[in-house]
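What the coordinates show
Residue-level listing of the chains:
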Amino acid sequence: MILDLMFKRPMRWLRMLVEELHWSFFFGVIVVYGVSQGLGKGLSKVSTQYYFKDEQMIQPSEAQVYVGLIQVPWIIKPVWGLLTDVVPVLGYRRRPYFIFAGVLSMVSMMVLSLHKNLQLGLALSCLVAGSAGVAIADVTIDACVTQLSISHPTLAADMQSLCGMSSSIGSLVGFSLSGVLVHLFGSKGVYGLLGMTAGLIVVVGLILKESPSRSPGGKHVNEKFIDAGSAIWKTFQYGEVWRPCLFMLLSAAVSLHIHEGMFYWYTDSKDGPSFSKEAVGSIMSFGAIGSLVGILLYQNFLKNFPFRNVVFWALSLSVLSGFLDLILVLRINLKLGVPDYFFIVVDEFVSHMISRIKWLPLLVLSSKLCPAGMEGTFFALLMSIEHVGHLLSSWGGGVLLHALKVTRTQFDNLWLVIVIRSLLRVIPIGLVFLIPNVDPSSTILPADMFMNRRSEDVVETDKIEMTALLTNEA
């Protein structure tokens, strides 16, 4: 049974997706979700934490605020989505944006890697630019995923699981290697490796087979901007749309992030574990494993349940898991004879598994709220709402750490920060009524919202197909 669950069933599932969808769809998913976001996240998170701590010598509350600032390009994802949907470059809607995203990430990471004694402002600019490159690539591939979710509604949950699985596997590899690589090459050396992996996004843009758009001229583009705004406004008038958007914003905003405070405690506190770089990376790799397990649980057992039910129980478990950090900081685990490393690994695994189970139904729901013709823009808008919430939670966590005087060497009030953070997680449970009580196979928007695309816009450019470069040249 275990062999069937962990290997045979996933292989049958992947084979089914290949048969139902085009094999080239997987290439973009693997590069963007698996390499750029997954592997890149694993490498960049640990390297950035040590870069702020050891190179820039800043306080944990400042680091928490700067981490939120790096996510600003993800908040303006609707801008990237709108450009990919209605503004072709040299007649192409997808290829130029992949290429631009890859080049932007490559250059910014190389500057961080090669420049000595980079000022904090310039370093933040490079980190924001690198984040923007990943965000643009994410929006472009999201447009493809959303289009397929509309044309294959019964596979919407499967495609989000595929994306999440690619990201989790990439994160697992990235986090597993991050501590060792930071130890061997330093945080700047890891940025150099990230610059090289960003080149794969350029490759996606170069081998993307896409027919030129039939809509030349600035006037038609202006009309499309107007149509886009009208479609977005019309869609948001539906309660089935604005209510879950409000839930995503509020639930993310009140779930304060205090990761930087915990990281400094892991590595600097005399009373804490004082983990090495390798240990920090390996701990985070178990978080990636937890995310992967969460995806498998959702895909095999939970994907057919109503969105509201899954989110409610995931939020309830999230409240309980938040207090695991309290047990650790108060050193209760040692009194019970549980080693720090083992306890933190379990904590990381459980929290990421629950977080993934909570997030997947919201992703599937978001893909079903997008009107035809504006898939990339509207999906990016929905995701940006979530990122606004995460930005507020990151900055709120930084303010809380600063207010309670948690610094590089002072952690007396860290336990109180954890208690406040965990209690705030109760609030979203009272907001789950905002989520539609329907299952993933249901159609949420009216039928006319899927038929509002102009006939001249229904062209082959919307059917993205990625082929090998050899085939393209032939």
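How each quantity is defined
Residues numbered from 1 in each chain as written. Predicted model: local features only at pLDDT ≥ 70, side-chain atom pairs only at ≥ 80, totals over all residues. Heavy atoms only, no water. UniProt positions renumbered as here; feature names shortened; annotations may be inferred. Helix = DSSP H or I, 4+ residues; strand = E, 2+ residues; numbered from the N terminus. Buried < 20%, exposed > 50% of the residue type's maximum accessible area, 1.4 Å probe, protein only. Contact = heavy atoms within 4.5 Å. Areas by Shrake-Rupley, 256 points an atom, 1.4 Å probe, with all protein chains shown as cover. Axes fitted to C-alpha atoms, helices over the stretch in contact; angles between N-to-C directions. Parallel < 35°, antiparallel > 145°, perpendicular 65-115°, else oblique. Nonpolar A, V, L, I, M, F, W, Y, C, P; charged D, E, K, R; others polar. Expected span 1.5 Å × (residues − 1). Salt bridge = Lys/Arg side-chain N within 4 Å of Asp/Glu carboxyl O.

Under the annotation held in an unreviewed UniProt entry, the protein chain carries the name Major facilitator superfamily (MFS) profile domain-containing protein and is attributed to Brassica cretica. Under the UniProt heading Sequence similarities (unreviewed entry), the entry covering the protein chain gives this text: "Belongs to the major facilitator superfamily. Folate-biopterin transporter (TC 2.A.71) family." Recorded in UniProt under Subcellular location (unreviewed entry), the annotation for the protein chain is "Membrane".

Some details on the overall build of the protein chain
The helix and strand inventory of the protein chain stands at 19 helices and two strands. Residues counted as buried form 56% of the 474 residues belonging to the protein chain. Sequence separation of at least 24 residues holds for 86% of the intrachain contacts in the protein chain that already meet a minimum separation of 6. Accessible surface, the protein chain as shown: approximately 20,200 Å² in total, 68% of it carbon and sulfur.

Points about the packing of helix H2 (residues 24-55) against helix H8 (residues 156-207)
When two helices pack together, their arrangement is given by the angle between the helix axes and by the axis-to-axis distance. Relative to each other, H2 and H8 sit at 30°, their axes nearing to 3 Å. Compared by their axis directions, H2 and H8 come out roughly parallel. Classifying every residue of the contact of H2 with H8 gives 26 nonpolar, 16 polar and four charged.

Concerning helix H6 (residues 95-114)
The terminal C-alpha atoms of H6 lie 29 Å apart, and with 20 residues this matches the ideal 28 Å at 1.5 Å per residue to within 8%. Within the span of H6, buried status applies to Pro96, Tyr97, Phe98, Ala101, Gly102, Ser105, Ser108, Met109, Leu112 and Ser113.

Considerations on the environment of Ser187
Inspection of the secondary structure assignment puts Ser187 in helix H8. Taking C-alpha positions, Ser187 is 5.7 Å from Tyr51, a pair spaced 136 residues apart along the chain. Beyond its immediate chain neighbours, meaning those up to four positions away, Ser187 contacts Ser47, Tyr51, Glu55 and Val182.

Re the pattern of salt bridges
Scanning all chains against the criterion turns up four salt bridges. Here Lys303 and Asp158 are joined by a salt bridge, their closest N and O atoms 3.1 Å apart. With Lys303 in the loop between helix H12 (277-302) and helix H13 (307-322) and Asp158 in helix H8, the pair connects residues that are 145 residues apart, well separated along the chain. Here the two residues Lys303 and Asp158 agree in accessibility, since each one is buried. Between Arg421 and Asp325 there is a salt bridge, with its nearest N and O atoms 3.0 Å apart. Of this pair, Arg421 sits in helix H18 (residues 414-424) while Asp325 sits in helix H14 (residues 324-329), and the two are 96 residues apart along the sequence. Residue classification places Arg421 among the buried residues on the basis of a relative accessible area of 3%. Classification of Asp325 by relative accessible area gives buried; the value is 11%.

Quick word on the side chain of Ser171
For Ser171, the location among the structural elements is in helix H8. Filtering out sequence-adjacent residues up to four positions away, Ser171 remains in contact with Gly38, Leu39, Lys41, Gly42 and Ala288.

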